[in-house]
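Coordinate inspection notes
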Amino acid sequence: MARKIVVTSGKGGVGKTTTAASFATGLAQRGFKTIVIDFDVGLRNLDLVMGCERRVVFDFVNVISGEASLKQAMIRDKRVENLFILAASQTRDKDALTRAGVEAALAELDDGFDYIVCDSPAGIEGGALMAMRFADDALIVTNPEVSSVRDSDRVLGMLASRTQRAEDGADPVVEHLIVTRYIPARVGKGEMLSLEDIGDILAVPLIGVIPESENVLNASNAGKPVILESSVNASAAYTDTVARYLGEERPLRFTEARKSLFDRLMRR
C-alpha cells in the first residue's frame, strides 16, 4: 500500500511545489515508485516545474469525473525512473475535486506505487483540505518569517482535526517540517526567525533546511526539479531531506553564515 504524503503550507509562495517536485524526485531516485499529484485546480504549476507541461493531455479532474483513466492521465518522467506526474486542471473549479473521487483515485494508485505525493494549494480552503484528507504524512513547508510560520500553525490544526485519520480516531498524520529560503546571515542579524524560534512555535520535527538560492528559480524556469542540479546547495539540501524522511541520519547543512575573508584571517 502506498504511503500518502501531503506537501502543504499556510502561505503561498513558500516553495511548496518546488518541494513537492524535488521530494518526489528524490524518492524515485532512491528506487521507490512515486507519483506526484497537483491538487491546485485552476492554477496548475507542478507540470511546469517538472518540465512536462506540453505532455499533459488529461488531468486529475478528468480522472475523477470519469473522462479519462489514471493510465491515460499519468505522465512518466523522462529523466528519473519510477517517477510519474498527474497534473491539475487549469479550467475547472476546485469543487471538482470530490472526496469520493479523490479517495477512489488514491485507492487505485495504492497497489502500484510506494509513495503518493500530494502537492496542496496553500491555505486551509477546500483544495488544501482535499489534498491532506487521506494523508499518512505531511511535509509542512514554511519560510523563516512570522506570517509564514503563523499560517503553518493553522495548517497543523487542520491536520489534527480534518483528515480521515483524525475522524477515524487512528494514529495521527506524521508531521515533518521543512524550512525553505533560509538565509543564515539574515537570521544572525535578527531579520529572519531562527530554526530554534520556528521549532518553538510549531513543535514539529525538522527534516529539511533549504537555503535561499537563485538556482531554485532557474531550475523551475527550466522545468527541472532543483534536486537534479547535483552541484548546487539546494539540491544537496533536498537530498538530505529525503534521506532523513527515510530514517537516515544526516547533519543539517547550510544553516550557518559563511565567514568573510576578514573573519577567517582574524581567526588565524
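Anything mentioned here points back to the structure above.
Residues numbered from 1 in each chain as written. Predicted model: local features only at pLDDT ≥ 70, side-chain atom pairs only at ≥ 80, totals over all residues. Heavy atoms only, no water.

Focus: the pattern of salt bridges
Using the following cut-off: Just to be clear on terms, a salt bridge is a Lys or Arg side-chain nitrogen sitting within 4 Å of an Asp or Glu carboxyl oxygen. Comment: elements are numbered from the N terminus, with helices defined as DSSP H or I runs of at least four residues and strands as E runs of at least two. Only protein chains enter the accessibility calculation, which uses a 1.4 Å probe; a residue is then buried when its area is under 20% of its type maximum, exposed when over 50%, and partly exposed in between.
With the rule as written, the count across this model stands at 18 salt bridges. A salt bridge links Asp110 to Lys4; its shortest N-O distance comes to 2.9 Å. Of this pair, Asp110 sits in helix H5 (residues 99-110) while Lys4 sits in strand E1 (residues 3-8), and the two are 106 residues apart along the sequence. The residues Asp110 and Lys4 share a single accessibility class, namely buried. A network of salt bridges, in which partner residues are shared, links Arg30, Asp240, Arg244, Glu248, Arg250 and Arg253.

Structural notes on unusual backbone geometry
Its identity as a non-glycine residue notwithstanding, Asn82 has a phi of 75°, on the positive side. Judged by relative accessible area, which is 23%, Asn82 ranks as partly exposed. With a phi close to 65°, Phe254 is a non-glycine residue in the positive phi region. Following the sequence through the fold, Phe254 ends up in the loop between helix H12 (233-245) and helix H13 (261-267). According to the relative accessible area criterion, Phe254 is partly exposed, its value standing at 22%.

As for the pairing of strand E7 (residues 174-182)
The criterion, for reference: A pair of strands is labelled paired if DSSP reports no fewer than 2 bridges between them.
In this sheet, E7 lies alongside strand E6 (residues 137-142) in parallel orientation, the contact comprising six bridges. Looking at the pairing, Thr142 lines up with Val179 of E7.

A look at the sheet that holds E6
This is how it is decided: Two residues form a contact once any of their heavy atoms are found within 4.5 Å. For every element, the axis is a line fit to its C-alpha atoms; helices are fit only across the contacting stretch, and the angle between N-to-C directions ranges from 0 to 180 degrees.
Read from one edge of the open sheet, eight strands run E3-E4-E2-E5-E1-E6-E7-E8, paired in mixed fashion. The sheet is open, and its two borders are formed by strand E3 (75-76) and strand E8 (206-211), each paired with just one other strand. Of the strands in this sheet, E1, strand E5 (115-119), E6, E7 and E8 are in contact with H12, which crosses E8 at around 175°.

Examining the packing of helix H7 (residues 146-161) against helix H10 (residues 195-202)
The condition that has to hold: Throughout, a crossing is termed right-handed when the near helix is turned clockwise from the far one, and left-handed when it is turned anticlockwise from it by less than a right angle.
Look at H7 against H10: their axes get within 10 Å of each other, and the N-to-C directions meet at 30°. For H7 against H10, the interelement crossing comes out right-handed. Between H7 and H10, the contacting residues are Val149, Ser152, Asp153 and Leu156 on the first element and Ile198, Ile201 and Leu202 on the second.

Notes on the packing of helix H1 (residues 16-29) against H12
Let me state the cut-off plainly: In the scheme used here, Gly and all other residues not listed as nonpolar or charged are polar, with Ala, Val, Leu, Ile, Met, Phe, Trp, Tyr, Cys and Pro taken as nonpolar and Asp, Glu, Lys and Arg as charged.
It is the contact of H1 with H12, at a shortest axis distance of 9 Å, that shows an interaxial angle of 65°. Two packed elements cross with a definite hand, and for H1 against H12 that hand is right-handed. On the side of H1, the interface is formed by Thr18, Thr19, Ser22, Phe23, Gly26 and Leu27, while H12 contributes Tyr238, Thr241, Val242 and Tyr245. Among the residues forming the contact of H1 with H12, the class breakdown is five nonpolar, five polar and no charged.

With respect to the side chain of Asn143
By the secondary structure assignment, Asn143 is in the loop between E6 and H7. By relative accessible area, Asn143 is classed as buried at 6%.

Section: the environment of Arg44
Residue placement: Arg44 occurs in the loop between strand E2 (34-38) and helix H2 (46-49). Here Arg44 falls in the buried class, since its relative accessible area comes to 12%. In this structure the C-alpha to C-alpha distance between Arg44 and Arg162, which are 118 residues apart in sequence, comes to 24 Å. When near neighbours in sequence (up to four residues on either side) are disregarded, Arg44 contacts Asp38, Glu53, Val56, Ala87, Ala88, Ser89 and Gln90.

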